[in-house]
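# Coordinate analysis (summary)
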Amino acid sequence: MRLTVDRVLQAPGNLQGERLRAMGVSRAADVSLEDLGRLPLISKADIWENYPFGLRVASAEDIVCVHGSSGTGGRPTLIPYTANDVQVWSRVMARALGGAGATRASTIHNGYGYGLFTGGLGVHHGGMWLGATVIPVSGGMTDRQIRLIEDLRPDILTCTPSYAIHLGEALQGKETSLKAGVFGAEPWTEEMRTQIQNLLGLKALDIYGLSEIIGPGVACESLDSEGMLNVAEDHFYVEAIDSDGNPVPDGTPGELVFTTLTKTGMPLIRYRTGDVAALADPVPGSPRTLKRMSKLKGRTDDMLVIRGVNVFPTEIEAVLLNDERVSPHYLIVEDRRNPARSELRIATEPFSDGIDTEQLEKDLVNALRERLGITCVVKVLTPGSVPRTEVGKARRLARWQSGEPPLLGL
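Residues numbered from 1 in each chain as written. Predicted model: local features only at pLDDT ≥ 70, side-chain atom pairs only at ≥ 80, totals over all residues. Heavy atoms only, no water.

Our next topic: the sheet that holds strand 10 (residues 236–241). If you trace the four strands from one edge of the open sheet to the other, you get 10-11-12-15, paired in antiparallel fashion. Among the strands making up the open sheet, the edge pair consists of strand 10 and strand 15 (298–299). Bridging between strand 11 (residues 254–260) and strand 12 (residues 271–277) involves four bridges; their strand directions are antiparallel. Pairing of Phe258 across the sheet is with Tyr271, part of strand 12. (Pairing = 2+ DSSP bridges. Helix = DSSP H or I, 4+ residues; strand = E, 2+ residues; numbered from the N terminus.)

Below is the structure:
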């Protein structure tokens with residue numbers, strides 16, 4: 001950690017360094033790991049305000065690539081990487097893939113998008129570092145993806161969980177060579193894990209990351225991590241805090257905060273991710289010594305407040321996909337047309353023909369009321385009504401403030 005503190009203090013005009021000096025930290029020796037919780041937090045807004053590379057500490061000559069994520073005002077969130085950063089990324093991704101059972105003999109079918117976003121290239125770097133064969137299919141073009149899966153017989157699949165569902169449906173029950181899948185870039189639940197495993201006949205594992213910290217590989221499930229994700233603590237120190245910035249105990253959901261320990265391009269100290277999860281110690285008796293985190297519960301900025309009740313979209317997904325009559329395609333609509341009484345509307349589809357949709361709507365209303373404590377409006381639409389996503393993240397949430405509904409039938 002002290003190397004990171006040194007890097008930001010030595011970078012002229014660096015916002016993080018200025019904030020540290022303002023609280024009396026003038027050298028790395030002034031702080032220890034035990035002091036970390038009193039250091040200032042940094043947020044995505046700080047990165048935007050210092051666009052494009054105001055938080056960079058490495059020289060421009062040392063930057064070998066740039067990645068990023070969505071931003072505001074048409075400007076993305078850009079993150080500069082040094083050769084060291086790419087190597088760190090490759091190593092943590094190789095570790096993640098290895099934890100899913102990948103070896104030098106593996107073939108990895110990589111269905112994440114390539115480009116400014118980090119998903120595709122993160123898997124690519126990690127697979128090559130591991131010595132596996134990477135098939136850089138990227139997103140979309142499902143017919144070609146199926147042909148390559150059939151012809152090249154990969155054992156590892158990487159893509160978003162929503163696209164894994166799409167692939168599974170398109171394969172129509174065909175047996176494949178796939179043994180494990182590493183799925184991320186969007187929150188997903190245990191119920192969706194069951195759907196994916198049933199459709200594809202593989203072990204479905206979660207991966208977590210964000211470009212501000214490194215990209216995918218910050219944390220990943222392994223075959224022996226008991227449903228939680230191993231955090232790469234030797235590179236990214238993790239905390240979980242409440243809305244006031246105070247630490248929460250292990251097992252309690254909180255906002256994830258990361259400090260990069262080995263990055264040299266744009267190191268970050270106590271970066272607020274906006275992602276909500278719970279932390280835990282390693283599996284007892286396991287040779288792994290890394291802190292673990294739960295699957296994401298949601299985001300601090302996508303929590304819905306419906307008539308005074310806090311609701312995370314993942315809670316709704318858990319109810320929907322727990323019912324075997326429901327397909328994995330759904331859309332949650334926050335109806336704010338009447339400011340005095342907000343409504344939560346949910347559109348989904350039946351899993352198969354012959355299902356009594358009227359009874360299904362009633363059952364889902366009751367199940368959601370029991371889980372959330374509020375009454376929702378549920379519409380079971382004809383198959384194909386909810387938009388599918390072949391490229392990028394699935395659209396699961398929409399807001400309706402005026403005009404026509406986001407989806408016909410609501």
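Time to look at the pattern of salt bridges. Tallied over the entire structure, the rule returns 27 salt bridges. Put simply, Asp46 and Arg19 hold a salt bridge, and the shortest N to O gap is 3.0 Å. With Asp46 in helix 3 (residues 44–49) and Arg19 in helix 2 (residues 15–22), this residue pair connects regions lying 27 residues apart in the sequence. Look at Asp46 and you get buried, because its relative accessible area is 9%. Between Arg345 and Asp335 there is a salt bridge, with the nearest N and O atoms lying 2.9 Å from each other. Residue Arg345 is found in strand 19 (residues 343–350), and its partner Asp335 is found in strand 18 (residues 326–335); the two are separated by ten residues along the sequence. (Salt bridge = Lys/Arg side-chain N within 4 Å of Asp/Glu carboxyl O. Buried < 20%, exposed > 50% of the residue type's maximum accessible area, 1.4 Å probe, protein only.)

So, about the sheet that holds strand 19. Strands sit in the order 20-19-18-21 across an open sheet of four strands; the sheet is mixed. Bordering the open sheet on either side are strand 20 (377–380) and strand 21 (397–400), each of which pairs with just one other strand. Neighbouring strand axes in the sheet, compared pairwise and without regard to direction, differ in orientation by 25° on average. Pairing geometry for strand 18 and strand 21, over four bridges, is parallel. Within the sheet, the bridge partner assigned to Val333 lies in strand 21 and is Ala398. Sitting on the sheet, helix 9 (residues 313–321) touches strand 18 and strand 19, and the angle it makes with strand 18 is about 145°. (Axes fitted to C-alpha atoms, helices over the stretch in contact; angles between N-to-C directions. Contact = heavy atoms within 4.5 Å.)

As for its position among the elements, Glu49 is in helix 3. Taking the C-alpha atoms as reference points, Glu49 and Leu3, 46 residues apart in sequence, are found 25 Å from one another.

All chains considered together, the criterion is met by three aromatic pairs. Relative to Trp188, the ring of Phe183 has its centre 6.1 Å away and its plane inclined at 75°; by these criteria the two rings are edge-to-face. Judged by its relative accessible area of 1%, Trp188 falls in the buried class. The lysine or arginine in question, Lys263, covers the ring of Tyr81, its NZ or CZ lying 5.6 Å from the ring centre. (Phe/Tyr/Trp six-rings, centres within 6.5 Å; stacked < 30°, edge-to-face > 60°. Lys NZ or Arg CZ within 6 Å of the ring centre and 35° of its normal.)

Here we come to the side chain of Asp46. A polar contact is formed between the side chain of Asp46 and the side chain of Arg19, at a distance of 3.0 Å. When neighbours within four sequence positions are excluded, Asp46 is seen to be in contact with Leu15, Arg19, Leu41 and Leu55. (Polar contact = N/O pair within 3.5 Å; in protein donor to acceptor, adjacent residues only side chain to side chain.)

Contact geometry of helix 7 (residues 161–171) with helix 8 (residues 190–200) gives a least axis separation of 9 Å together with a crossing angle of 30°. For the pair helix 7 and helix 8, the crossing hand works out as left-handed. When helix 7 is examined against helix 8, the residues Pro161, Ala164, Ile165, Leu167, Gly168, Glu169 and Leu171 are found in contact with a partner set consisting of Met192, Gln195, Ile196, Leu199 and Leu200. Taken together, the residues of the contact of helix 7 with helix 8 sort by class into nine nonpolar, two polar and one charged. (Left-handed = near helix turned anticlockwise from the far one by under 90°. Nonpolar A, V, L, I, M, F, W, Y, C, P; charged D, E, K, R; others polar.)

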